Amino acid sequence: MTDKTAKLDLESGTSEYPVLPGSVGPDVIDIRKLYGTTGKFTYDPGFTSTASCQSAITYIDGGEGVLLHRGYPIDQLAEKARFLEVAYLLLHGDLPNQSELDEFVNSITYHTMVHEQLAQFFRGFRRDAHPMSVMCGVVGALSAFYHDSTDITDPRQRLIASHRLIAKMPTIAAMAYKYSVGQPFVYPRNDLSYTGNFLHMTFSVPAENYEVNPVIENAMRRIFILHADHEQNASTSTVRLAGSSGANPFACIAAGIACLWGPAHGGANEAALNMLREIGDSKNVKKYVDRAKDKNDPFRLMGFGHRVYKNYDPRAKVMQTTAEEVLKELNISDPVLDVARELEHIALNDDYFIEKKLYPNVDFYSGIILNAIGFPTEMFTALFALARTTGWVAQWNEMISDPEQKIGRPRQLYVGATHRDFVPVSER
Ligand code: ACO
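Residues numbered from 1 in each chain as written. Predicted model: local features only at pLDDT ≥ 70, side-chain atom pairs only at ≥ 80, totals over all residues. Heavy atoms only, no water.

(A) Looking closely at the overall build of the protein chain. A tally of helices and strands in the protein chain yields 18 helices and six strands. Against the compact-globule benchmark of 22 Å for 428 residues, the protein chain has a radius of gyration of 23 Å, which places it among compact chains. By its C-alpha atoms, the protein chain is 75 × 65 × 55 Å across when sized along the principal axes. Out of the 428 residues in the protein chain, the part that is buried amounts to 47%. The contacts in the protein chain between residues at least 6 apart in sequence include a share of 70% that link residues at least 24 apart. Counting only carbon and sulfur atoms, one obtains 51% of the accessible surface of the protein chain, whose full area is about 21,700 Å². Treating the 42 positive side-chain charges of the protein chain as one cloud and the 51 negative ones as another, the clouds have centres 4 Å apart. (Helix = DSSP H or I, 4+ residues; strand = E, 2+ residues; numbered from the N terminus. Rg over C-alpha atoms; globule rule 2.2 N^0.38 Å. Buried < 20%, exposed > 50% of the residue type's maximum accessible area, 1.4 Å probe, protein only. Contact = heavy atoms within 4.5 Å. Areas by Shrake-Rupley, 256 points an atom, 1.4 Å probe, with all protein chains shown as cover. Lys, Arg positive; Asp, Glu negative; His and termini not counted. Charge placed at Lys NZ, Arg CZ, Asp CG, Glu CD.)

This is the structure:
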């Protein structure tokens, strides 16, 4: 607590509100009693200045380009940690010791299979369904298959549901891919790593032996870690809001997947690669940069800009290195990488982007890597959902355990018609 307060002067009088400090980052003004004392609401569409919760999971300093998970810098985690170590860290607050890690890895590994009947569910979709529509449906349907982990008041059931979600998302994402290309579903393999197993379920076919390439496995590990959590972004806030009503975790994560799908959020990596392909050649870059700056043209540079980062997204740096490594390993010379480099160079030296503090975000290079590995663009956001599930379940657990948690219920500034009497249709 703190003795600091913030005063609000209104015609009706002055009211005072506590100022709460975080461990780092800006203080927040606690306005929970504002309506009770003044009869007024605050107005903040898009939550640009509003903290919706307390959280001890992820810290971002967008001005400095800092991203910490439970205090650990993202570049250290991306370099040194296993994906499941990061998942444990997000969920439990500290890095696991060896026996905690072994137990966690074991639990995730032994929950990777999905109920066999779930395969029927996939077959109900058209082959050309977008994998995100399949993910929304199938993940939401998990609550119909795993009744024994939907009592959110029981911490044990919450933990089992969390493990199930982290474990089954790669299986479901791989099944969505297999279904779309008309190949048989591939069962998980317990001797492989989390990412290795995902690559196996996605790319192996019964007719051939599939060897996981360690460079690709490492790239996927980094991509998953870089996408694991990002504090109160749109999809995480959606998961929290859905969960605040007491909805079961599978339904909440399905809500998060739906929100992530949008091109301003998780859909941006698909949009970024499509944009780079459309630009096609480094010599066209300037034309597209000019279009992005033109107020009368709706075109934006996809993979550029961020609500929170007003500096280089620290995840984008790791992505750039990973893109170079993967293309080298696979011996691919993709002109799209040259276009990306040129676009980044021109934009970073252009006054419009400098003044607005628009830098490449995590999505700028990720599409190039995923494309090189062999994922179709429609799968990109599904992979993001897979990785972000760990963050979603960690944030959902934190919210449910918070004694101050209430059902999320924003207020509004009503600007519609005032009272008027109904007129029968014959008289209108
Ligand atoms: N290209 C050109 N101009 C841009 C871009 C861009 N990519 N992003 C923002 N701007 C401009 C806006 O036109 C606006 O200009 P104005 O002040 O003259 O009106 C200004 O910069 C601020 O932009 P806002 O849209 O108000 O910023 P906001 O914080 O609401 O949006 C967002 C952030 C949605 C990420 C935006 O930068 C964008 O649309 N980027 C492209 C999509 C993208 O890459 N999304 C991925 C985000 S990261 C993630 O989800 C993992």
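Moving on from the model shown.
(B) Representation of the pattern of salt bridges within the structure. Enumeration according to the criterion identifies 17 salt bridges in this entry. Among the ionic pairs, Arg222 bridges to Glu325, the shortest N-O distance being 3.3 Å. Here the residue Arg222 occupies a position in helix 9 (residues 214–226), and Glu325 occupies one in helix 14 (residues 314–329), the gap between them amounting to 103 residues. Residue classification places Arg222 among the buried positions, given a relative accessible area of 5%. Between Lys286 and Asp290 there is a salt bridge, and its shortest N-O distance comes to 2.9 Å. You can see Lys286 and its partner Asp290 sitting in helix 13 (residues 285–293), four residues apart, about one turn around the helix. (Salt bridge = Lys/Arg side-chain N within 4 Å of Asp/Glu carboxyl O.)

(C) Summary view of the sheet that holds strand 2 (residues 13–20). The three strands lie next to each other as 1-2-3, forming an open sheet whose pairing is antiparallel. The sheet terminates laterally at strand 1 (5–10) and strand 3 (28–29), the two strands that pair on one side only. Pairing between strand 2 and strand 3: two bridges, direction antiparallel. Along strand 3, the bridge assignment pairs Val19 with Ile29. (Pairing = 2+ DSSP bridges.)

(D) Inspection of the domain arrangement of the protein chain at higher detail. You can read the domains of the protein chain as domain 1 (5–61) and domain 2 (73–410). Computed over C-alpha atoms only, the centres of domain 1 and domain 2 are separated by 32 Å. Interface area, domain 1 with domain 2, both sides summed: about 1,100 Å², of which 55% is carbon and sulfur. The three residues of domain 1 that bury the most area against domain 2 are Ile57, Thr58 and Ile60, which together make up 51% of that side's buried surface. Seen at the junction of domain 1 and domain 2, the total is one salt bridge. For Arg32, the salt bridge identified is with Glu404, shortest N-O distance 2.7 Å. Across the domain 1-domain 2 interface, the total number found is five residue pairs in polar contact (both at pLDDT 80 or more). Per-class residue counts for the side of domain 1 that touches domain 2 are four nonpolar, six polar and one charged. (Domains from an automatic or database assignment. Buried area = accessible area lost by both parts, 1.4 Å probe. Polar contact = N/O pair within 3.5 Å; in protein donor to acceptor, adjacent residues only side chain to side chain. Nonpolar A, V, L, I, M, F, W, Y, C, P; charged D, E, K, R; others polar.)

(E) Spatial organisation of the side chain of Thr58. Take Thr58: it is sitting in strand 4 (residues 58–61). Using a relative accessible area of 11% as the deciding quantity, one classes Thr58 as buried. In terms of polar contacts, Thr58 uses its side chain to reach the side chain of His69, at 2.9 Å. At a separation of 2.5 Å, a polar atom in the side chain of Thr58 contacts the side chain of Asp229. Thr58 has contacts with Leu67, Leu68, His69, Leu90, Asp229, His230 and Glu231, leaving out every residue within four places of it along the chain.

(F) Just the pairing of strand 2, in detail. Direction of pairing for strand 1 relative to strand 2: antiparallel, over a ladder of six bridges. Opposite Leu10, over in strand 2, you have Gly13 as the bridge partner. Taking the residues that link successive antiparallel strands as the turn, the strand 1-strand 2 hairpin has two residues.

(G) Main features of unusual backbone geometry. Of note, Phe47 is a non-glycine position whose phi angle comes to about 50°, a positive value. In this fold, Phe47 is placed in the loop between helix 1 (34–38) and strand 4. Its identity is not glycine, yet Lys357 carries a phi of approximately 55°, on the positive side. Note that Lys357 resides in the loop between helix 16 (351–355) and helix 17 (363–373).

(H) Geometry of the packing of aromatic side chains. In total, this model carries 18 aromatic pairs according to the counting rule given. Ring geometry for Tyr177 against Phe203: centres 5.9 Å apart, planes inclined by 65°, an arrangement best described as edge-to-face. Note that Tyr177 is positioned in helix 7 (residues 155–181) and Phe203 in helix 8 (residues 194–203), a separation of 26 residues in sequence. Between Tyr312 and Tyr359, the aromatic rings sit 6.5 Å apart at their centres with planes inclined by 55°, giving tilted as the arrangement. Taken together, the residues Tyr312 in the loop between helix 13 and helix 14 and Tyr359 in the loop between helix 16 and helix 17 connect sequence positions 47 residues apart. Taken together through their ring pairs, the aromatic side chains of Phe83, Tyr177, Tyr194, Phe198, Phe203, Phe224 and Phe375 make up a single cluster. We note Arg127 situated over the ring of Tyr179; from NZ or CZ to the ring centre the distance is 4.2 Å. The ring of Tyr35 is capped by Arg411, whose NZ or CZ atom sits 5.5 Å from the centre of that ring. (Phe/Tyr/Trp six-rings, centres within 6.5 Å; stacked < 30°, edge-to-face > 60°. Lys NZ or Arg CZ within 6 Å of the ring centre and 35° of its normal.)

(I) Expanded view of the site of the ligand. The ligand sits among 20 residues. The nearest are Arg300, Leu301, Gly303, Arg307 and Lys356. A distance of 2.7 Å separates a nitrogen atom of the ligand from a polar atom in the backbone of Leu301. Between the ligand and Asn361, the relevant distance is 2.9 Å, taken from an oxygen atom to a side-chain nitrogen or oxygen of the residue. For the ligand, whose accessible area on its own is 930 Å², the fraction buried by protein is 75%. Split into classes, the residues belonging to the shell around the ligand amount to 10 nonpolar, five polar and five charged. (Near = heavy atom within 4 Å.)

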